[in-house]
Amino acid sequence: MTHAHFFVRFVFPNFLSAVCAALGAILLSALPVSAQTNLVWSAAGSNNFTGRSGSAATESGGKIYVMGGYDGDVVLGKLQVFDPVANSWSTPTTTGTFTPRNALACADVDGKIYAIGGDDNLGNYGHVEVFDIATNTWSTPVLTGNFTPRYLLAAVVLDGKIYAIGGRADTGRISAM
């Protein structure tokens, strides 16, 4: 199986941070916004991080939340948090269920992180679960409307709404949101 590298960028006050999750390793860099023309990569804390590909990441409250992925042996059901101030990773103790999967997307709305789609290696792509940062709890929302199950998708928040964009399903590429 060939694994792609996924890049996600976050904007913090006065910093541009980039996360590159790749099989067996991660590189996290923080650059002052004013230095964007002279980009210099520097390694940040990688202790306690599980290297993976196909993970999803989002920012909330000045921290980076990374979930899911594939570590080269198994699909992960793990959530890890990077604190750029402490330059360290943690794995919070959570309640509820997060379905192990890779090639998912996630997005934060008001301190709740929505994990959307992804491949659980059983051919199921329709998972949507919510992580409440305040309570460290996973839950499964009641969905209405038409969500096309997918993996390798993108997600973005606009005006408090999450848009799941593109991706793949058994029938091929998805061109709808």
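Note that the structure is a prediction, hence the values are computed from the model and not measured.

## With respect to the sheet that holds strand β9 (residues 112-116)
Right, so step 1: Taking strand neighbours across the sheet as the criterion, the 4 strands line up as β8-β9-β10-β11 in an open arrangement whose pairing is antiparallel. At either margin of the open sheet sits one strand with a lone partner, and together these are β8 (105-109) and β11 (137-139). Pairwise comparison of adjacent strand axes, ignoring direction, gives a mean angle of 20 degrees for this sheet.
Right, so step 2: Alignment of β9 against strand β10 (residues 128-132), held across 5 bridges, turns out to be antiparallel. Looking at the pairing, Y114 lines up with V130 of β10.

## Overview of the sheet that holds strand β4 (residues 56-60)
Right, so step 1: Ordered by their spatial adjacency, 4 strands build an open sheet running β4-β5-β6-β7, and the pairing between neighbours is antiparallel. Among the strands making up the open sheet, the edge pair consists of β4 and β7 (88-90). The mean inter-strand angle of the sheet, taken between neighbouring strand axes irrespective of direction, is 25 degrees.
Right, so step 2: As defined by bridge partners, strand β5 (residues 63-67) adjoins strand β6 (residues 79-83) across 4 bridges and the pair is classed as antiparallel. Paired with V66 across the bridge in β6 is Q80.

## Focus on the side chain of D132
Right, so step 1: Looking at the element boundaries, D132 is found in strand β10.
Right, so step 2: Judged by relative accessible area, D132 falls into the buried class, the value being 17%.
Right, so step 3: In terms of polar contacts, D132 uses its side chain to reach the side chain of K112, at 3.4 Å.
Right, so step 4: Those residues in contact with D132, other than ones at most four positions away along the chain, are G111, K112 and T137.

Calculation rules
Residues numbered from 1 in each chain as written. Predicted model: local features only at pLDDT ≥ 70, side-chain atom pairs only at ≥ 80, totals over all residues. Heavy atoms only, no water. Pairing = 2+ DSSP bridges. Helix = DSSP H or I, 4+ residues; strand = E, 2+ residues; numbered from the N terminus. Axes fitted to C-alpha atoms, helices over the stretch in contact; angles between N-to-C directions. Buried < 20%, exposed > 50% of the residue type's maximum accessible area, 1.4 Å probe, protein only. Polar contact = N/O pair within 3.5 Å; in protein donor to acceptor, adjacent residues only side chain to side chain. Contact = heavy atoms within 4.5 Å.

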